[in-house]
Amino acid sequence: MLVKSFIENLLLMVGGITIFLHGLKLMSDNLQEIAGSKMKNLLEGATSSKLKGVAMGTLATAVVQSSTAVNIMLVGFVNAGVLGFEQAVSVIMGANIGTTVTAQLVSLSGNDLFDITAFGSLVAFSGFLISFSSKKYPHLIGGIMLGFGCVFIGLEIMNTSIYAFKNYEFFRRLFMASNPFVLILNGLLITAIVQSSSAVSSVMIILALNGLITFENSVYLILGTNIGAGIAVLFISASMSAEAKKVAIANIMFNVIGAALFVWPLMIFEEPIAAFFASISGGIERQVANFHTIFNIAVTLVLLPLSKYFARLVNALGDFKAFKSRARGNEKTKSARPA
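Residues numbered from 1 in each chain as written. Predicted model: local features only at pLDDT ≥ 70, side-chain atom pairs only at ≥ 80, totals over all residues. Heavy atoms only, no water.

**Digging into the overall build of the protein chain**
In terms of regular secondary structure, the protein chain is built from 16 helices and zero strands. Across the 339 residues of the protein chain, 48% fall into the buried class. Put simply, of all contacts in the protein chain between residues at least 6 apart along the chain, 80% involve residues at least 24 apart. Carbon and sulfur atoms form 67% of the exposed surface of the protein chain, whose accessible area is close to 16200 Å². (Helix = DSSP H or I, 4+ residues; strand = E, 2+ residues; numbered from the N terminus. Buried < 20%, exposed > 50% of the residue type's maximum accessible area, 1.4 Å probe, protein only. Contact = heavy atoms within 4.5 Å. Areas by Shrake-Rupley, 256 points an atom, 1.4 Å probe, with all protein chains shown as cover.)

Now the structure itself:
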């Protein structure tokens, strides 16, 4: 009976994650279809200053609901020579802030005064009907609405199934480990597998809402989640130019540096930091969402004035990686030659 219950809840959780991710993809695809060419022009124009770049990266990611999608666009623009790598750095920073909007929306699902799942279901049904329109823009808007509703329907399914995992040792080791660095690694690996920091941070909020993880645990998981979000972009850039690869490296390095800067203060001042977020946020789901947003804003405030040096660091890493690739290629050529 216990095994049957575990399998049922596991399948429900996987189904919830699938609907959630499908909802995000629907929103992202339809929004990109509406704003595609305009987004390109805006991203090009936004790089005239660092602050404009951050603002555009934040806005684009908040609208598209996917930092991965925005970073892939940046990789494509840099690969095509539309943008230079250094121009893209501030946009990357903004994209990391914009990706926290999903977590903020998800945290509203814990508000007893506003049942966002019921509202999402209404939006999904309305969007489903509108999507049958033969006209382009109503059809796309219907797809966006359907995707929005699916996000919260998926969350509700996850919410009802996930509590059952509390007593399983594997779950406890994954999400309730006492070592901060193990939690960071777990967050990184889970996000690299799921390929959506929005999905993983949303699961963190649901776990916290159900009392399954503490705020202290969630912050380290989120540090890892931020790093893991860049893995997909790194793979996509593998076959592109050296400059395009640097965009993917910059995205990961932004979060690696952020985690390195903040992990020690989080460990040393764990209780005061938890008390601070409790005082400004209320419920634990809001605490987790607010930490996610404030962390990315804080890292941007630290690195933006140093963006020139940050770009140099990424350039050095990118050039070193390219050098190693060329060296491997030369070795293979030499070994292939007849003696």
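**Thoughts on the environment of isoleucine 297**
Mapped onto the secondary structure, isoleucine 297 falls in helix α15 (residues 284-303). Linking isoleucine 297 and glycine 94, residues 203 residues apart in sequence, is a C-alpha distance of 8.4 Å.

**Notes on the packing of helix α3 (residues 67-79) against helix α4 (residues 85-98)**
Running from amino to carboxyl end, α3 crosses α4 at an angle of 175°, the nearest separation of the two axes being 10 Å. When the axis of α3 is compared with that of α4, the two are roughly antiparallel. Residues Ser67, Val70, Asn71, Leu74 and Val78 of α3 form the contact with α4, whose participating residues are Phe85, Ala88, Val91, Ile92 and Ala95. Here the residues of the contact of α3 with α4 are counted per class, giving eight nonpolar, two polar and no charged. (Axes fitted to C-alpha atoms, helices over the stretch in contact; angles between N-to-C directions. Parallel < 35°, antiparallel > 145°, perpendicular 65-115°, else oblique. Nonpolar A, V, L, I, M, F, W, Y, C, P; charged D, E, K, R; others polar.)

**Digging into the nonpolar core**
In terms of nonpolar packing, the biggest core is built from 81 residues, with Met204, Leu223, Phe291 and Phe310 touching the most fellow members. If one sorts the elements of this core by residue count, helix α13 (residues 242-268) sits on top with 12 residues. Once you skip the residues sitting within four places of it in the chain, leucine 223 turns out to touch Ile184, Ala259, Val263, Leu266, Phe291 and Phe295. (Core = buried A, V, L, I, M, F, W, Y, C linked by side-chain atoms within 4.5 Å.)

**Digging into α4**
Helical geometry: 3.6 residues make up each α-helical turn, so side chains three or four residues apart lie on a common side. Compared with an ideal rise of 1.5 Å per residue, which puts 14 residues at 20 Å, α4 spans 20 Å between its outermost C-alpha atoms and is within 8% of the ideal. Of all 14 residues in α4, 12 are buried; the element is thus mostly enclosed. The set of residues buried in α4 consists of Phe85, Ala88, Val89, Ser90, Val91, Ile92, Met93, Gly94, Ala95, Asn96, Ile97 and Gly98. (Expected span 1.5 Å × (residues − 1).)

**Some remarks on the environment of tryptophan 264**
Secondary-structure assignment places tryptophan 264 in helix α13. Separated by 84 residues in sequence, tryptophan 264 and proline 180 have C-alpha atoms that sit 9.8 Å apart.

**Notes on the confidence of the model for the protein chain**
Detail in the predicted coordinates should be disregarded across regions flagged by low pLDDT. Mean pLDDT over the protein chain: 79, with 82% of residues reaching 70 or higher. Put simply, helix α16 (residues 307-336) is where the protein chain has its lowest mean pLDDT, 65, and α15 is where it has its highest, 92. (pLDDT = per-residue confidence, 0-100.)

**Looking at the environment of aspartate 29**
The residue aspartate 29 is located in helix α1 (residues 2-46) in this model. Remark: the alpha-carbon pair of aspartate 29 and leucine 140, spanning 111 residues in sequence, is separated by 9.0 Å.

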